[in-house]
Amino acid sequence: MELNRRTVIAGAAAAGVAATTALGGTAHASSGRGKPVKSLFGRLADGTKVHSWSLENGGTRMKVLSYGGIVQSLEIPDRRGRYTNVSLGFDTLEEYVASSPYFGALIGRYGNRIDKGRFTLDGTAYQLSVNDGENSLHGGSQGFDKRVWDVEPFTRGSDVGLYLYHTSVDGEMGYPGTLRTKVTYTLTRNGDWRVDYEATTDKATVVNLTSHVYWNLAGEGSGSIYDHELSIAASRYTPVDSGLIPTGELARVAATPFDFRRAKPIGRDIRTAHQQVLYGQGFDHNWVLDKGITSRPEQVALLRDPSSGRTLRIATNEPGLQFYSGNFLDGTLVGTGGRVYRQGDGLCLETQHFPDSPNQPSFPSTVLRPGRTYRTTTVHSFGA
């Protein structure tokens, strides 16, 4: 994939026009909104076609794959109006199928880990697909990240976007109930990327959907994110055991490496000899957001790259945020820019309910029952 990284938004770059979003971010003026463009990206081994969709609005450009709902690239300008792709990913479908660590993917049915892949619901025990040591991670070995989604483009007022649909049958990866999922990707006139998740079921089940974009605001393949400054509106986090399963405690972040209540460089405390940092080989934990579950998205995190000036603000109505500092990138994967990804070359900020909630009665429930609709929203606002 070839990215046009130096194209400047007409008018916005020349005039320096910026608008303040409802979530407190800044975005460049509109840049020729149009209908999403579809192209063939590749074919799976069984011949199934996988398409790429290109979208642009409000100064943000993105490419989305029908395979896994993957955000293959997301381009935003820096303080000088220069574009670059800030999302880690691959050039080919074969790479996503063979070895992707969830680059840019939609995650389901259950984002994050479930202890030993087991839980009991309404007196019935369920055994899930185990794919992370003895645990189930991100929905199992064939989660939503490895499914081909049905995609419909839309233009609505000043917004453009995609509707993504997937039906997960009863028993798939061990989960009960047929789950019908709709995810809406919207690029707004301000350049925000909004993700709306919806799901219904015909049998009681558990659901925890999220997005697994790896961010590097200096640009994909540019090196470490340890100098990025991050703040998270959370006074507590969920400590884990050696298998990265929550212990059930809601521990205070004060006087620990997990205190991001005020913005600090990610690398400042990442090599501290703290047992939780050792377990995660960096940060790979769920932060308990101070706001809790809310009816509308509220800002919970701010990421800033000092070198480019790019910022990412995240707002959600979810109660948790998994911050993963790219600890398991090991130099074996080559990204879209032709450079190798090493430890810390990207980070994830996954809005969610807490890991292992089906086995933790004190955590917010992830149970979805027939007749109810799962709904959650996350908004990503970009600035420079």
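As shown above, the structure is provided for reference.
1. Observations concerning the overall build of the protein chain
On a plain count of helices and strands, the protein chain comes out with three helices and 31 strands. Its C-alpha atoms put the protein chain at 65 × 50 × 40 Å along the principal axes. The buried share of the protein chain, reckoned over its 384 residues, is 58%. Sequence separation of 24 or more characterises 66% of the internal contacts of the protein chain that already satisfy a separation of 6 or more. About 14,900 Å² of surface is accessible on the protein chain, with carbon and sulfur atoms providing 46% of the total. Each charge sign in the protein chain was given a centre, from 41 positive and 38 negative side chains, and these centres are 5 Å apart.

2. Notes on the side chain of Thr 205
With respect to the helices and strands, the residue Thr 205 is situated in strand 17 (residues 205-206). A polar contact is formed between the side chain of Thr 205 and the side chain of Arg 109, at a distance of 3.4 Å. Discounting residues that sit within four places of it in the chain, Thr 205 has contacts with Arg 109, Leu 121, Tyr 175, Pro 176, Leu 179, Thr 366, Val 367 and Leu 368.

3. Comments concerning the environment of Leu 187
Tracing the backbone shows Leu 187 in strand 15 (residues 179-187). Taking the relative accessible area as the measure of exposure, Leu 187 reaches 0% and is therefore buried.

4. Topic: the sheet that holds strand 21 (residues 251-252)
An order of 21-20-23-26-29 is seen for the five strands of this open sheet, with the pairing classed as antiparallel. Two strands in the sheet have a free side with no partner beyond their single neighbour: strand 21 and strand 29 (348-352). With five bridges connecting them, strand 23 (residues 284-289) and strand 26 (residues 320-324) associate as antiparallel partners. When the sheet's bridge partners are listed, Asp 284 is paired in strand 26 with Tyr 324.

5. Considering the nonpolar core
Soluble, globular proteins show a tendency: their nonpolar side chains are buried together. Core analysis: the biggest nonpolar cluster contains 56 residues, and Trp 193, Trp 215, Trp 287 and Phe 323 have the highest contact counts within it. What Phe 323 contacts, discounting residues up to four positions off in sequence, is Leu 230, Ile 232, Phe 260, Ile 266, Phe 283, Asp 284, His 285, Trp 287, Leu 347, Cys 348 and Leu 349.

6. Looking at the pairing of strand 6 (residues 71-77)
Judged by how many residues are buried, strand 6 sits mostly within the fold: seven of seven residues are covered. Examined bridge by bridge, strand 5 (residues 60-65) and strand 6 share four bridges and lie antiparallel to one another. Note that in strand 6 the partner of Arg 61 across the bridge is Glu 75. Counting the residues between successive antiparallel strands, the hairpin from strand 5 to strand 6 contains five residues, one of them, Gly 68, with a positive phi of roughly 70°. Counted between consecutive antiparallel strands, the loop separating strand 6 from strand 7 (residues 83-85) contains five residues, among which Gly 81 sits at a positive phi close to 85°.

7. As for the pairing of strand 10 (residues 118-121)
Along strand 10, the buried face is formed by Phe 119 and Leu 121; none of Arg 118 and Thr 120, which line the opposite face, is buried. Across four bridges, the pairing between strand 10 and strand 11 (residues 124-127) is antiparallel. Paired with Phe 119 across the strands is Tyr 126, a residue of strand 11. Linking strand 10 back to strand 11 in an antiparallel pair, the connection comprises two residues, with Asp 122 at a positive phi of about 55°.

8. A word on the sheet that holds strand 16 (residues 193-201)
Read from one edge to the other, the open sheet built from nine strands follows the order 13-14-15-16-31-25-24-19-22, with strand pairing classed as antiparallel. Among the strands making up the open sheet, the edge pair consists of strand 13 (150-156) and strand 22 (264-265). Sheet analysis places strand 19 (residues 229-232) next to strand 24 (residues 298-304), joined by four bridges and oriented antiparallel. By the bridge assignment for strand 24, Leu 230 is matched with Leu 303.

The rules behind the values
Residues numbered from 1 in each chain as written. Predicted model: local features only at pLDDT ≥ 70, side-chain atom pairs only at ≥ 80, totals over all residues. Heavy atoms only, no water. Helix = DSSP H or I, 4+ residues; strand = E, 2+ residues; numbered from the N terminus. Buried < 20%, exposed > 50% of the residue type's maximum accessible area, 1.4 Å probe, protein only. Contact = heavy atoms within 4.5 Å. Areas by Shrake-Rupley, 256 points an atom, 1.4 Å probe, with all protein chains shown as cover. Lys, Arg positive; Asp, Glu negative; His and termini not counted. Charge placed at Lys NZ, Arg CZ, Asp CG, Glu CD. Polar contact = N/O pair within 3.5 Å; in protein donor to acceptor, adjacent residues only side chain to side chain. Pairing = 2+ DSSP bridges. Core = buried A, V, L, I, M, F, W, Y, C linked by side-chain atoms within 4.5 Å.

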